Amino acid sequence: MTSDLPPPRRSAAPERINVPENGTTTDLSPTVFVLYGATGDLARRMVLPAFYQLAQHGLLPADWRLIGSGRGERSDEEFVEHVQGALEEFASGTDDGPWEEFSQRLRFAGGGFTDEDPGQLLDAVATARKELGDEAQLVHYLSLPPKAFTGYTKAIGAHGLGEGARIVYEKPFGASPEGFRELDDLVHSVFSEEQVFRIDHFLGKEGTQDLHALRFANGLFEHIWSREHIAQVQIDVPEDLDVADRAEFYDATGATLDMLVTHLFQVAAEVAMEPPVSFKADDILAARESVLAKFRPLQPEDVVLGQFEGYRELDGVPDDSDTDTFVAARLCIDSGRWRGVPFLLRTGKKLAAKQQRVSLILHRPKGPVDDVPANGNVVSLSLAGAGSVDIDVMAKKPGPDLAMAPARVSLDLSKIPGGDPLPPYVSLIHDVLVGDRSLFTTSEGLAQTWRALQPVLDARPEVHPYASGSWGPAAANELAGEHGWLLGQTEE
Ligand SMILES: NC(=O)C1=CN([C@@H]2O[C@H](COP(=O)(O)OP(=O)(O)OC[C@H]3O[C@@H](n4cnc5c(N)ncnc54)[C@H](OP(=O)(O)O)[C@@H]3O)[C@@H](O)[C@H]2O)C=CC1
Ligand SMILES: O=C1O[C@H](COP(=O)(O)O)[C@@H](O)[C@H](O)[C@H]1O
């Protein structure tokens, strides 16, 4: 299955880079990477470890600088210690890999960064450009609380650091349709859309990327990818984790905004898109935008919200909070390919299991076998880790009779020979360095996701309580119809 695959999703413009035997990447221009919020939580847990993993994989440009930016004062040496601490806590440490060389390229610019006062950042960027050459690619990564996006975007524009640069926005890129539009207008007053990389890390998961390889490189799957053969699609992301460590953020957000309008909608678009003209970034982005525009606005009766029992007792959560910690939705996509096929989306905290599954349930075959169960034929992908593909089929139960039995064929993607799975942040930051936007959300695409959610924001459904460790409120089961939710029906 691996050997003849074309490079998944991306090809020319820009080309996938080659990693020479000696592990250095030579065909990326020198890069100045400015990490705003460099001492914050996400930077420590994800961005800095991802950057180091890129160095370990030989996927960084031959010459680069990473400038951490923050409001406090720190020397370069203190920042190096901070990064080392982050790698020890959230990655495999610094014993394994090019730490000495890596650490020499780290800088810190304190004093904050506003349109009136750039702190030490302008000088730090100028020095880095002097060292790397004026043509060095500038990348801004806003690992900041969303309320700081506006001020930093303005400051980047005001200090002339926008021209020719790339900018990465963490999520959420707007927490309401109005907030999205305001931020988007501001961003476009400084940057062109082609310069902007909005993170949705579900698009960077190996399993999500494999959706395209599976479908477009295999007649076996491409031919069944439509209403003719698919009865229902389920995108199911139950989580067993709590939100106690970030209750304040979570209470202001909820599952619908944190997961549904973001990750689940984007994954639904990945499943439902028409074949892009090519695997070039622009074609993939156009195909994703086009199908997002076909999402029928969710009606409140097609959405079930829930809150786990005990949520209101968490520190930072008001006693009367009605924030949703669970959401299930039945989405319709008004395209010829998917008309009449429900896309069932579900996610929630403190549920019975942690899974990330995309499942396509096939219609029962019209043939002589009349006892195929409703969920007898399912193509399912796990988006967790390196991903897997599982195909449920009916087979002859070995023995004297022609009796049918369910069976599963599984492919663990991490076992593909020569494979080197990358965690989503590593993959996405690599794409930023290469300039490949195919796995990032677009302004037009996000506008469509808010359009599709609008009726639910206008008339929010009631929030049902559910027990911790359950599969959420019973009301969600009705959305799934005769197929039921696949997860939770059998032991996984
Ligand atoms: N943490 C996580 O697990 C995840 C976070 N995200 C997103 O990543 C981004 C960063 O999150 P996270 O690291 O948790 O955030 P933090 O609250 O840790 O803030 C990051 C850094 O930003 C600076 N900062 C904080 N408040 C302000 C402010 N008002 N103005 C300017 N700078 C400020 C601080 O650095 P200093 O004091 O040095 O200036 C802080 O260390 C957010 O957009 C978040 O939604 C997305 C997915 C997961
Ligand atoms: O963005 C988010 O994603 C995580 C789940 O993603 P994972 O890949 O880390 O499992 C979710 O728990 C969190 O609430 C949400 O903000």
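Here, residues in each chain are numbered from 1, in the same order as that chain's written sequence. Chains and ligands are labelled by the order in which they are written, letters from A for the one and numbers from 1 for the other. Given that this is a predicted model, residues contribute local features only at a pLDDT of at least 70 and side-chain atom pairs are listed and counted only at 80 or more, while totals for whole chains, interfaces and linings are drawn from all residues.

Quick notes on the overall build of the chain
So, step 1. Each helix is a run of DSSP H or I of at least 4 residues and each strand a run of E of at least 2, with the numbering of both proceeding from the N terminus. Scanning the chain for helices and strands turns up 14 helices and 15 strands.
So, step 2. Taking 492 residues into account, the globule formula puts the C-alpha radius of gyration at 23 Å, and the chain, at 24 Å, falls close to it.
So, step 3. If you line up the chain on its principal axes, its C-alpha atoms span 75 × 55 × 40 Å.
So, step 4. Contact between two residues is assigned whenever their backbone-derived C-beta positions fall within 7 Å. Here the analysis covers contacts within the chain between residues at least 6 apart in sequence; of these, 77% occur between residues at least 24 apart. Atoms considered for the radius of gyration are the C-alpha atoms alone. The globule rule reads 2.2 Å times the number of residues to the power 0.38.

Side note on the site of ligand 1
So, step 1. Around ligand 1 sit 18 residues, and of these G37, G40, L42, G70 and R71 come closest.
So, step 2. For this scheme, ten residues count as nonpolar: Ala, Val, Leu, Ile, Met, Phe, Trp, Tyr, Cys and Pro. Four count as charged, namely Asp, Glu, Lys and Arg, and the remainder, Gly too, count as polar. Split by residue class, the shell around ligand 1 holds six nonpolar, six polar and six charged. By definition, a residue lies near a molecule or strand when the C-beta atom built from its backbone is within 6 Å of it.

Concerning the UniProt feature "domain: Glucose-6-phosphate dehydrogenase C-terminal" (unreviewed entry) in the chain
So, step 1. Under the UniProt annotation, "domain: Glucose-6-phosphate dehydrogenase C-terminal" (unreviewed entry) lies at residues 213–484.
So, step 2. Here residues 213–484 is 28% helix and 22% strand, with 28 Å between the C-alpha atoms at its ends. UniProt positions are given in the numbering used here, feature names are shortened, and annotations may be inferred rather than shown by experiment.

Comments concerning the confidence of the model for the chain
The predicted coordinates ought not to be read in detail in places where the model reports low pLDDT.
So, step 1. Averaged over every residue, the pLDDT of the chain is 93; the share at 70 or more is 94%.
So, step 2. Confidence of the predictor at the level of single residues is given by pLDDT, which spans 0 to 100. Segment residues 1–24 is flagged for pLDDT under 50; beyond a separation of four residues in sequence, or across chains, it makes 43 contacts in the model.
So, step 3. Here the predicted complex scores 0.93 on pTM and 0.97 on ipTM.

Topic: the UniProt feature "active site" (unreviewed entry) in the chain
So, step 1. According to UniProt, the feature "active site" (unreviewed entry) maps to H263 in the numbering used here.
So, step 2. Within the fold, H263 resides in helix α10 (residues 254–272).
So, step 3. Judged by the 23 C-beta atoms lying within 10 Å of it, H263 is buried.
So, step 4. If sequence neighbours within four positions are ignored, H263 has contacts with D200 and F202. Buried, partly exposed and exposed are defined by the number of other C-beta atoms within 10 Å of a residue's own C-beta, namely 20 or more, between the two limits, and 12 or fewer respectively, with C-beta atoms placed from the backbone.

Some words on the packing of helix α1 (residues 41–56) against helix α12 (residues 424–434)
So, step 1. Interaxial angles span 0 to 180 degrees and are taken between N-to-C directions of axes, which are lines fitted to C-alpha atoms, for helices over the stretch in contact. Packing of α1 against α12 brings their axes to within 9 Å, and their N-to-C directions diverge by 70 degrees. Here α1 is positioned roughly perpendicular relative to α12, judged by the angle of their axes. Residues M46, V47, A50, F51, Q53 and L54 of α1 pack against Y425, V426, I429 and H430 of α12.
So, step 2. Classifying every residue of the contact of α1 with α12 gives eight nonpolar, two polar and no charged. Our angle categories are set so that under 35 degrees counts as roughly parallel, over 145 as roughly antiparallel, 65 to 115 as roughly perpendicular, and the remainder as oblique.

Some thoughts on the sheet that holds strand β15 (residues 463–466)
Adjacent strands of a sheet form backbone hydrogen bonds with each other and so pair up, either parallel or antiparallel.
So, step 1. Any two strands with at least two DSSP bridges between them are considered paired. Across the sheet, which stays open at both edges, the nine strands sit in the order β14-β13-β12-β11-β7-β10-β9-β8-β15 with mixed pairing between neighbours. The open sheet is flanked by β14 (404–412) and β15, the only strands paired with a single partner. On average, each strand axis in the sheet is inclined to that of its neighbour by 20 degrees, with strand direction left out of account.
So, step 2. Inspection of the sheet shows strand β8 (residues 303–308) paired to β15 by four bridges, in the parallel sense.

Concerning the sheet that holds strand β2 (residues 64–69)
So, step 1. In space, the six strands of this open sheet follow the order β3-β2-β1-β4-β5-β6, with parallel pairing throughout. Two strands bound the open sheet, and with one partner strand each, they are β3 (106–109) and β6 (196–198). Direction aside, neighbouring strands of the sheet carry axes that sit 20 degrees apart on average.
So, step 2. One ladder, built from six bridges, connects strand β1 (residues 31–36) with β2; its direction is parallel. When the bridges of β2 are listed, T31 appears paired with W64.
So, step 3. Together, β2 and β3 form the strand contacts of helix α2 (residues 76–90), whose direction differs from that of β3 by roughly 115 degrees.
So, step 4. Sheet strands in contact with helix α4 (residues 121–132) are β1, β2 and β3, and its direction is about 175 degrees off that of β2.

With respect to the nonpolar core
A general feature of soluble globular proteins is that nonpolar side chains tend to end up buried together.
So, step 1. Counting 128 residues, the largest nonpolar core has A268 and L345 as its most contacted members.
So, step 2. Once residues lying within four places of it in the same chain are set aside, the contact partners of A268 are I235, L331, F343 and L345. In this description, a nonpolar core means buried residues of the types Ala, Val, Leu, Ile, Met, Phe, Trp, Tyr and Cys, linked to one another by C-beta atoms lying within 7 Å.

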